[in-house]
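Listed below are the residues making up each chain.
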Amino acid sequence: MSTGAELLRAHGLRVTRPRLAVLDVLTSGGHLEVDEIAQQVRGRLDSVSTQAVYDVLSALSRAGLARRIEPAGSPARYEARVGDNHHHIVCRSCGTITDVDCAVGRRPCLTPDETHGFDLTEAEITFWGLCPACQTRREADRSV
């Protein structure tokens with residue numbers, strides 16, 4: 001497995017403490033908002049501005065080391081799972097986001113009737129529903 005420094009160098013990025021810290025936070029998993037990432041990075045470094053975290057996330061996203069997702073009604077979130085054509089399931093009640101593998105497996109997994117001359121490389125799919133915890137709460141509320 002590559003170290004953070006090796007990954008950054010392999011993707012043409014300079015190795016800096018903020019980049020290493022943000023990459024470390026992202027690779028620990030989840031779909032994190034910028035404020036959550038900044039808070040965790042501050043636990044690893046003496047100080048870092050929120051703007052610096054935005055700058056690092058932008059660089060990591062452009063380099064293909066991070067993915068930005070924006071479910072409707074939610075702030076942007078970032079994850080380290082990239083390049084595997086996966087999608088997301090979002091709970092309409094609590095906002096929990098879960099990865100789901102693409103059933104088709106190849107990009108794009110959906111093709112529109114008309115491409116308007118675009119060379120399509122990806123389709124971003126978001127499934128919406130209720131997570132198991134919210135389903136349980138809903139059922140409990142109905143039985144009261």
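Quantities reported herein were computed from a predicted structural model and do not represent experimental measurements.

Alignment of strand 4 (residues 87–91) against strand 5 (residues 97–100), held across four bridges, turns out to be antiparallel. Residue pairing for strand 5: H87 is matched across the bridge by V100. Taking the residues between adjacent antiparallel strands as the criterion, strand 4 and strand 5 are bridged by five residues, where G95 takes a positive phi near 85 degrees.

Turning our attention to the sheet that holds strand 6 (residues 126–129). Spatially, the three strands line up as an open sheet ordered 5-4-6, and their pairing is mixed. The open sheet has two edge strands, strand 5 and strand 6, and neither has a second partner. When the angles between neighbouring strand axes are averaged without regard to direction, this sheet yields 25 degrees. Pairing between strand 4 and strand 6: four bridges, direction parallel. Directly across from H88, in strand 6, lies its bridge partner T126.

What follows is about the sheet that holds strand 2 (residues 67–69). Sheet architecture is open: three strands sit in the order 1-3-2, paired in antiparallel fashion. The sheet terminates laterally at strand 1 (32–33) and strand 2, the two strands that pair on one side only. Taken together, the two bridges between strand 1 and strand 3 (residues 77–79) define a ladder with antiparallel strand orientation. Within strand 3, the residue paired with L32 across the bridge is Y78.

The rules behind the values
- Residues numbered from 1 in each chain as written.
- Predicted model: local features only at pLDDT ≥ 70, side-chain atom pairs only at ≥ 80, totals over all residues.
- Heavy atoms only, no water.
- Pairing = 2+ DSSP bridges.
- Helix = DSSP H or I, 4+ residues; strand = E, 2+ residues; numbered from the N terminus.
- Axes fitted to C-alpha atoms, helices over the stretch in contact; angles between N-to-C directions.

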